[in-house]
Amino acid sequence: MDLEAIAGKLNARFPEVVKSVETAHAGDPFLVIDPGRILDVAKFLRDDPEMSFEWLMCLSGVDYPPESIAVVYNLYSQTHGRRLTLKALLDRNDPRIFSVESVWRMADWHERECYDMFGVVFDGHPDLRRILLPFDWEGHPLRKDYVYPESYRGVTNKP
Amino acid sequence: MSPIENHFEDGILVTSLDTVINWARRSSVWPVTFGLACCAIEMMCTGMSRYDIDRLGSGVFRATPRQSDLMIVAGTVTHQMASRLKLLYDQMPEPKWVISMGSCSNAGGPYWEHGYSVLKGVDKVVPVDVYVTGCPPRPEALMDALIHLQNRIIKKRTIARPRDAAPRTVEA
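Fair warning: this is a prediction, and the values are worked out from it, not measured in the lab.

Q: I'd like a description of the interface of chain A and chain B, backed by residues and values.
A: At the interface, eleven residues of chain A touch 13 residues of chain B. By residue class, the composition of the side of chain A that touches chain B is eight nonpolar, two polar and one charged.

Q: Describe in detail the nonpolar core, supporting the description with residues and values.
A: Residue and element names in this part refer to chain A. With 33 residues, the main nonpolar core has Val-71, Leu-86, Ala-88 and Val-120 as its most contacted residues. Contributing elements (two or more residues each) for this core: α1 (3-13), β2 (30-33), α2 (38-47), β3 (55-64), β4 (68-77), β5 (82-91) and α3 (107-118). In this structure, Ala-88 is in contact with Ile-33, Pro-35, Ile-38, Ala-70, Val-71 and Ile-97, ignoring residues within four places of it in sequence.

Q: Any details on the sheet that holds strand β1 (residues 18-22) of chain A? Residues and values, ideally.
A: Residues and elements named next belong to chain A. The strand order across the open sheet formed by five strands is β1-β2-β5-β4-β3, and the pairing between neighbours is mixed. Here the strands that pair on one side only, and so sit at the sheet edges, are β1 and β3. Direction aside, neighbouring strands of the sheet carry axes that sit 25° apart on average. Relative to β4, β3 is paired through nine bridges, and the arrangement is antiparallel. Note on β4: the bridge partner recorded for Gly-61 is Val-71. Sitting on the sheet, α3 is in contact with β3 and β4, with an inclination near 10° to β3.

Q: Pulling in residues and values, what's your account of helix α5 (residues 139-153) of chain B?
A: Compared with an ideal rise of 1.5 Å per residue, which puts 15 residues at 21 Å, α5 of chain B spans 21 Å between its outermost C-alpha atoms and is within 8% of the ideal. Check the buried side of α5 of chain B and you find it contacts α1 (17-27), α2 (38-47), β2 (97-101) and β3 (130-132) of chain B.

Q: Describe unusual backbone geometry, naming the residues involved and giving the relevant values.
A: In the segment running from Pro-65 of chain A into Pro-66 of chain A, the intervening peptide bond is cis, with an omega of 5°. Tracing the backbone shows Pro-66 of chain A in the loop between β3 and β4. Cis geometry is adopted by the peptide bond preceding Pro-136 of chain B, which originates at Cys-135 of chain B and carries an omega value of -10°. With respect to the secondary-structure elements, Pro-136 of chain B resides in the loop between β3 and α5. Although it is not a glycine, Glu-16 of chain A adopts a positive phi angle of roughly 60°. Note that Glu-16 of chain A resides in the loop between α1 and β1.

Q: Lay out the sheet that holds β2 of chain B in plain terms, naming residues and giving numbers.
A: All names here are of chain B. Read from one edge to the other, the open sheet built from three strands follows the order β1-β2-β3, with strand pairing classed as parallel. Bordering the open sheet on either side are β1 (70-74) and β3, each of which pairs with just one other strand. Neighbouring strand axes in the sheet, compared pairwise and without regard to direction, differ in orientation by 15° on average. Lying on the sheet, α5 is in contact with β2 and β3; it crosses β3 at an angle near 170°.

Q: Now, about the pairing of β2 of chain B: what can you tell me, with residues and values included?
A: Residues and elements named next belong to chain B. A large share of β2 lies buried, amounting to five of its five residues. Direction of pairing for β1 relative to β2: parallel, over a ladder of five bridges. If you follow Ile-72 over to β2, its bridge partner there is Ile-99. As paired elements, β2 and β3 share three bridges and run parallel to each other. The residue of β3 that forms the bridge with Ile-99 is Val-130.

Q: Which residues make up the environment of Phe-14 of chain A, and what are the values?
A: All names here are of chain A. Relative to the helices and strands, Phe-14 is located in the loop between α1 and β1. Its 15 C-beta neighbours within 10 Å are what place Phe-14 among the partly exposed residues. Separated by 70 residues in sequence, Phe-14 and Leu-84 place their C-alpha atoms 18 Å apart. Non-local contacts of Phe-14, meaning those with residues more than four positions away in its chain, are made with Arg-37, Asp-40 and Val-41.

Q: Tell me what's going on with the confidence of the model for chain B, and back it up with residues and numbers.
A: Overall, the prediction assigns chain B a mean pLDDT of 87, with 91% of residues at 70 or greater. Predicted complex, confidence summary: ipTM 0.72, pTM 0.79.

Q: I'd like to hear about the environment of Cys-58 of chain A, residue by residue, with values.
A: All names here are of chain A. Turning to its location among the elements, Cys-58 is positioned in strand β3. Residue Cys-58 is classed as partly exposed on the basis of its C-beta count, with 13 C-beta atoms lying within 10 Å. Sequence separation of Cys-58 and Glu-111 is 53 residues, and the distance between their C-alpha atoms is 9.9 Å. Not counting residues within four places of it along the chain, the set of residues in contact with Cys-58 comprises Asn-74 and His-110.

Cut-off values and rules
Residues numbered from 1 in each chain as written. Chains lettered and ligands numbered in written order. Predicted model: local features only at pLDDT ≥ 70, side-chain atom pairs only at ≥ 80, totals over all residues. Contact = placed C-beta atoms within 7 Å. Nonpolar A, V, L, I, M, F, W, Y, C, P; charged D, E, K, R; others polar. Core = buried A, V, L, I, M, F, W, Y, C linked by C-beta atoms within 7 Å. Buried ≥ 20, exposed ≤ 12 C-beta atoms within 10 Å, placed from the backbone. Helix = DSSP H or I, 4+ residues; strand = E, 2+ residues; numbered from the N terminus. Pairing = 2+ DSSP bridges. Axes fitted to C-alpha atoms, helices over the stretch in contact; angles between N-to-C directions. Expected span 1.5 Å × (residues − 1). pLDDT = per-residue confidence, 0-100.

Following this line, the structure appears as structure tokens:
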């Protein structure tokens with residue numbers, strides 16, 4: 001089953017959930033999906049026998065200033081030996097999407113890292129805290145417009 | 001010819017207390033088990049049989065700062081780690097020494113300009129006795145730093161202090 005077929009299956013089940021099928025870029029081809037229905041899509045992709053994407057290999061964020069931040073889901077089906085990349089574009093001023101932690105447990109720490117680095121809020125996440133930076137850190141460093149702090153807790157950050 | 005020569009039995013040696021204290025301290029500089037990044041691999045290598053830091057009396061890596069004399073800061077110190085590093089340093093009993101191993105702990109290393117989360121030198125948090133350059137330094141460099149530190153230790157005067165020396169104070 002190729003990417004177009006997967007997109008067709010998804011659209012048949014959830015009308016217009018796939019916004020576009022991107023194959024022209026370098027790297028993995030991906031589906032741009034409606035962020036509002038990520039949880040339905042995730043459950044379907046995991047549980048449907050034709051899909052069987054049991055494994056969330058990676059969850060990451062990408063900053064596209066000025067308007068959007070993307071959350072990227074890299075899925076793998078061990079049953080069929082297939083990979084799938086999903087991309088959900090969020091509003092950069094209020095990046096917010098539902099957590100898929102209930103579908104793939106390993107999304108837990110990945111979503112925390114995505115929140116830490118990009119400020120994406122994952123609704124329904126059981127424990128959405130920073131994972132790498134100190135809890136009292138200000139800002140989200142992997143955003144393109146991030147300004148480096150002069151100091152942290154009184155310790156200078158200058159060379 | 002000193003006046004006390006041949007006045008003692010065989011095996012009796014006369015020396016100053018400072019020499020004995022410094023000899024003991026120099027020969028048992030126990031480091032705290034504390035590695036932060038790739039420099040720690042070189043530090044472990046220094047402890048293994050090929051280089052064998054035990055020859056210098058420093059092979060006893062203690063798992064608690066309360067039994068340690070030396071902190072080898074081997075690796076990248078982040079801001080988050082800095083407060084913990086300071087806590088560990090404060091828990092070490094006097095006298096204590098710090099070796100800053102590698103570019104990262106010396107000055108931030110490759111993160112000195114664009115590393116938002118990396119401390120720009122561990123000397124911003126704790127006082128450093130010896131800096132070791134390298135990225136990472138070879139085991140020989142770490143051993144050289146240790147010998148350098150030992151040479152400083154044997155010059156220290158604990159009992160016979162100079163008359164005009166200021167009273168020793170512990171920094172807050």
